[in-house]
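So the chains spell out like this:
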Amino acid sequence: MRAPPARRRTTRPTHTPVVEAYGLSIASDYPFRFHHALGQGRPDITFEVIDAAPLPDGWEATPPSFDAYDPATPSDMLGTVVFVDECVVVRFLSGADFFLTDDRIACVLHDPMLEHGIEIWLFGTVLTLWLELRGIPTLHAATVVVHGHAIGFLATNKGGKSTLAMTMVQGGASLLADDQLPLERSDGRVLGRAGYPQMRFWPDQAERLLGTTEGLELVQPGSTKVRVPVGPGGFGAFERRATPLGALYLPERDASDRVEIVSTAFGEALTELVRHSFLVGVLDALGLAPKRFHVFADVLRQAPLRRLRYPSGLEHLGDVRDAILADLAHLQPPATQPRLRRRGP
């Protein structure tokens, strides 16, 4: 696999909006509908939607390094990853192509009916792959900040991670990232990078927290999930700074009536981090997976992975939050941060 080119900085007109996500400043004139923190200073990369591929004719014949094409797969799913000179092309079947270079990401949308997917793809698969190519692995996790430490809940879709993060934010924690947790090493520590100030809730969750779903946009057409802004004017608080990892939890809902938190052995924990990596199949195909083990090993030396078994049902979430806070109190002393509430709604 071809290594990415040396990093450059992009100079953009001062009027171009700049937003922050995953520790990056992104300059773009695209009218993002996601909620973002505003970026400062020079952008790291630019993003734009263009009409035609910025590559020479015939580039489509380049053999893909990753190929998951299936005619039965919906057109908005990831199809192939292709390396063309200094450009990485991420193709979402008939939906769109994204062209990644060191300082620019461009999108060619093939199906106007899938325009809503541009942000979902960009702030999901595309930016995650851009980071992975530069040695910044990403976990599939919802993450909050408690007493100055990043606390992540690892899970696949419908695994309960966002509900647990929601419960912690409701109790006074700050949201760090709703779905993806990029990891960076700095001064001997592993930090979790911030995502963007937005969470995705089912309507009953949004009504329980906010009292109404009025004015909230759907995540995408055909879904009942809504986007909820986090921070001033929205729900809870958002932490935009990279934060040292404190603990990781692996949620497991069951039919019991009690909360149980147990430790995991190092080898088992390492396997779980690999399993809960974002884009794990793509990374295997591109040969990137082995490079991540040393980062994951550092993660586990700093932040233990704990199995969190708890009963299903929103009525139990207060007990779950109490158990997590008690567990964290044993793992590390609290920093100078406001005390989180126990119990409550």
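Our structure is the block above this text.
Each value, and the rule that gives it
- Residues numbered from 1 in each chain as written.
- Predicted model: local features only at pLDDT ≥ 70, side-chain atom pairs only at ≥ 80, totals over all residues.
- Heavy atoms only, no water.
- Salt bridge = Lys/Arg side-chain N within 4 Å of Asp/Glu carboxyl O.
- Helix = DSSP H or I, 4+ residues; strand = E, 2+ residues; numbered from the N terminus.
- Buried < 20%, exposed > 50% of the residue type's maximum accessible area, 1.4 Å probe, protein only.
- Pairing = 2+ DSSP bridges.
- 1 Å grid on protein atoms, 1.4 Å probe; cavity = no way out; pocket = protein on both sides within 12 Å on 5 of 7 lines; lining within 4 Å.
- Points joined across faces, edges and corners; volume = space filled by probe spheres on them.

Trainee: Help me out: how do you make sense of the pattern of salt bridges in this one?
Mentor: A side chain of one charge can pair with a side chain of the opposite charge if their charged atoms are brought near each other. One pass over the full model with this rule turns up 21 salt bridges. Between Arg 104 and Glu 48 there is a salt bridge, with the nearest N and O atoms lying 2.8 Å from each other. Of the two residues, Arg 104 is situated in strand β9 (residues 104-109) and Glu 48 in strand β4 (residues 45-50); the sequence distance between them amounts to 56 residues. Residue classification places Glu 48 among the partly exposed residues on the basis of a relative accessible area of 28%.

Trainee: For this particular structure, what's the right way to read the pairing of strand β8 (residues 96-100)?
Mentor: Consecutive residues of a regular strand have side chains that alternate between opposite faces of the sheet. Most of β8 is tucked away, with five of its five residues classed as buried. Going residue by residue along β8, you find Ala 96, Phe 98 and Leu 100 tucked away on one face and Asp 97 and Phe 99 tucked away on the opposite face as well. In this sheet, β8 lies alongside strand β7 (residues 87-91) in antiparallel orientation, the contact comprising four bridges. Within the sheet, the bridge partner assigned to Val 89 lies in β8 and is Phe 99. As defined by bridge partners, β8 adjoins β9 across five bridges and the pair is classed as antiparallel. By the bridge assignment, Asp 97 is partnered in β9 with Val 108.

Trainee: Explain empty space enclosed by the protein here, please?
Mentor: The method is simple in principle: a probe with the dimensions of a water molecule rolls over the atoms, and the space it marks as empty is what remains. One pass over the structure, following the stated rule, counts three cavities of 30 Å³ or more. Roughly 80 Å³ of volume is contained in the second largest cavity. Lining of the second largest cavity is provided by Tyr 22, Ala 177, Asp 178, Asp 179, Gln 180, Gly 195, Tyr 196, Gln 198, Met 199 and Arg 200. A total of three residues in the lining of the second largest cavity trace back to one element, the largest contributor, which is strand β15 (residues 198-201).

Trainee: How do you make sense of the environment of Ala 21 when you look at a structure like this?
Mentor: Here Ala 21 lies in strand β1 (residues 18-21). Take Ala 21: its relative accessible area is 1%, and that puts it in the buried class.

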